[in-house]
Amino acid sequence: AQSVTQPDIHITVSEGASLELRCNYSYGATPYLFWYVQSPGQGLQLLLKYFSGDTLVQGIKGFEAEFKRSQSSFNLRKPSVHWSDAAEYFCAVSLAGTASKLTFGTGTRLQVTL
Amino acid sequence: DTGVSQDPRHKITKRGQNVTFRCDPISEHNRLYWYRQTLGQGPEFLTYFQNEAQLEKSRLLSDRFSAERPKGSFSTLEIQRTEQGDSAMYLCASSLGGQSEKLFFGSGTQLSVL
């Protein structure tokens, strides 16, 4: 069965610092890969997705992620974090061709200090 | 607001009672999904509809759970004889479907079973 691992439960960064959130997946085939953000009281919002092609994908709010097949990873990055980026971040995968049935990781809570 | 809306936002019930949640998707979206999220975990897929047809159900969806989408528009999720383990956030999402579909999530219904 496919699975997603987000090894960092909680990360704290200073505003303006760079950010990298880790995501590793376990799946026999090349999955579709996603990053979502969840703010308190709000629904999950899609930051970016990878289906195929260029392994470096750009998303909203200045986020990017890189798919590394050899490492089964899809890490999320941002060069300069803003206080408004404080939220819970979820990596998710799906079977290629079934982008709807997502398997989520346990999430990483990002705290931003001023 | 043309996003996905869920009602109620919060529900507190006693063990053994039945509860029903409602989800109104984005109007032109033909796919509707239900996920469940427990504290400290990522969302877990429960079921999804293509128009009014329920196409897939997770093993997580016990016989006490039933979902409907009678006219291919709004959906209801009913839990009968609630148990404390049912306490969770129930999330609804909708999409247009397709190869690279994008899910739009509602803010969820938080269920507490006492």
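The rules behind these values
- Residues numbered from 1 in each chain as written.
- Chains lettered and ligands numbered in written order.
- Predicted model: local features only at pLDDT ≥ 70, side-chain atom pairs only at ≥ 80, totals over all residues.
- Heavy atoms only, no water.
- Helix = DSSP H or I, 4+ residues; strand = E, 2+ residues; numbered from the N terminus.
- Disulfide = S-S within 2.5 Å.
- Buried < 20%, exposed > 50% of the residue type's maximum accessible area, 1.4 Å probe, protein only.
- Contact = heavy atoms within 4.5 Å.
- Buried area = accessible area lost by both parts, 1.4 Å probe.
- Salt bridge = Lys/Arg side-chain N within 4 Å of Asp/Glu carboxyl O.
- Polar contact = N/O pair within 3.5 Å; in protein donor to acceptor, adjacent residues only side chain to side chain.
- Nonpolar A, V, L, I, M, F, W, Y, C, P; charged D, E, K, R; others polar.
- pLDDT = per-residue confidence, 0-100.
- Pairing = 2+ DSSP bridges.
- Axes fitted to C-alpha atoms, helices over the stretch in contact; angles between N-to-C directions.

All names here are of chain B. Here the amide bond leading from Asp 7 into Pro 8 is cis, since omega sits at -5°, within 30 degrees of zero. Mapped onto the elements of the fold, Pro 8 is located in the loop between β1 (5-7) and β2 (10-13). Within the chain, Asn 51 stands out as a residue other than glycine whose phi angle is a positive 55°. Relative to the helices and strands, Asn 51 resides in the loop between β5 (44-50) and β6 (53-57). Non-glycine residue Arg 81 carries a positive phi angle of around 50°.

This part is about the state of the cysteines. Overall, the coordinates contain two disulfides over all chains when judged by the stated rule. In this model Cys23(A) forms its disulfide with Cys91(A); the gap between the sulfur atoms is 2.0 Å. Its S-S torsion of approximately -65° makes the covalent link between Cys23(A) and Cys91(A) left-handed. With Cys23(A) in the loop between β3 (19-21) and β4 (24-26) and Cys91(A) in strand β10 (residues 87-94), this pair connects stretches of sequence that are 68 residues apart. Classification of Cys23(A) by relative accessible area gives buried; the value is 0%. Residue pairing for Cys23(B): its cysteine sulfur links by disulfide to Cys92(B), the two sulfurs lying 1.8 Å apart. Around the S-S axis, the bridge from Cys23(B) to Cys92(B) shows a dihedral of about -70° and counts as left-handed.

At the interface, 20 residues of chain B touch 19 residues of chain A. Each partner contributes to the roughly 1600 Å² buried at the junction of chain B and chain A, and carbon and sulfur atoms together form 55% of this total. Counting every contact that joins chain B to chain A gives one salt bridge. Taking the shortest distance from any N to any O, the salt bridge between Glu56(B) and Lys101(A) comes out at 2.5 Å. For the pair chain B and chain A, the interface holds four residue pairs in polar contact (both at pLDDT 80 or more). Counting residues per element, the side of chain B that touches chain A draws most heavily on strand β4 (residues 31-37) of chain B, at four residues. Split into classes, the residues belonging to the side of chain B that touches chain A amount to seven nonpolar, eight polar and five charged.

This next bit is on the confidence of the model for chain B. Low pLDDT means the predicted atomic positions in that stretch should not be read closely. Looking at chain B, the pLDDT average stands at 92 and 97% of residues meet or exceed 70. Per-residue pLDDT, averaged within each element of chain B, yields its smallest value for β6(B) (90) and its largest for strand β3 (residues 19-24) of chain B (98).

Backbone-to-backbone hydrogen bonds join strands into a sheet, with any given pair of strands oriented parallel or antiparallel. Residues and elements named next belong to chain B. If you walk across this open sheet you meet the four strands as β1-β3-β8-β7, and the pairing is antiparallel. Edge strands, defined here as strands with exactly one partner in the open sheet, are β1 and β7 (65-68). For this sheet, the mean angle separating the axes of adjacent strands, direction not counted, is 15°. With five bridges joining them, β3 and strand β8 (residues 75-79) adopt antiparallel strand pairing. From the neighbouring strand, Cys 23 faces β8, where its bridge partner is Ser 75.

We now examine the pattern of salt bridges. All names here are of chain A. A complete count under the given rule lists nine salt bridges over all chains for this structure. Here Asp 8 makes a salt bridge to Arg 22, at a shortest N to O gap of 2.9 Å. Placement of Asp 8 in the loop between β1 (3-5) and β2 (10-14) and of Arg 22 in the loop between β3 and β4 is noted, with a sequence separation of 14 residues between them. Residue Arg 22 is classed as partly exposed on the basis of its relative accessible area, which comes to 38%. Each of Glu 64, Glu 66 and Arg 77 takes part in one network of salt bridges that share partners.

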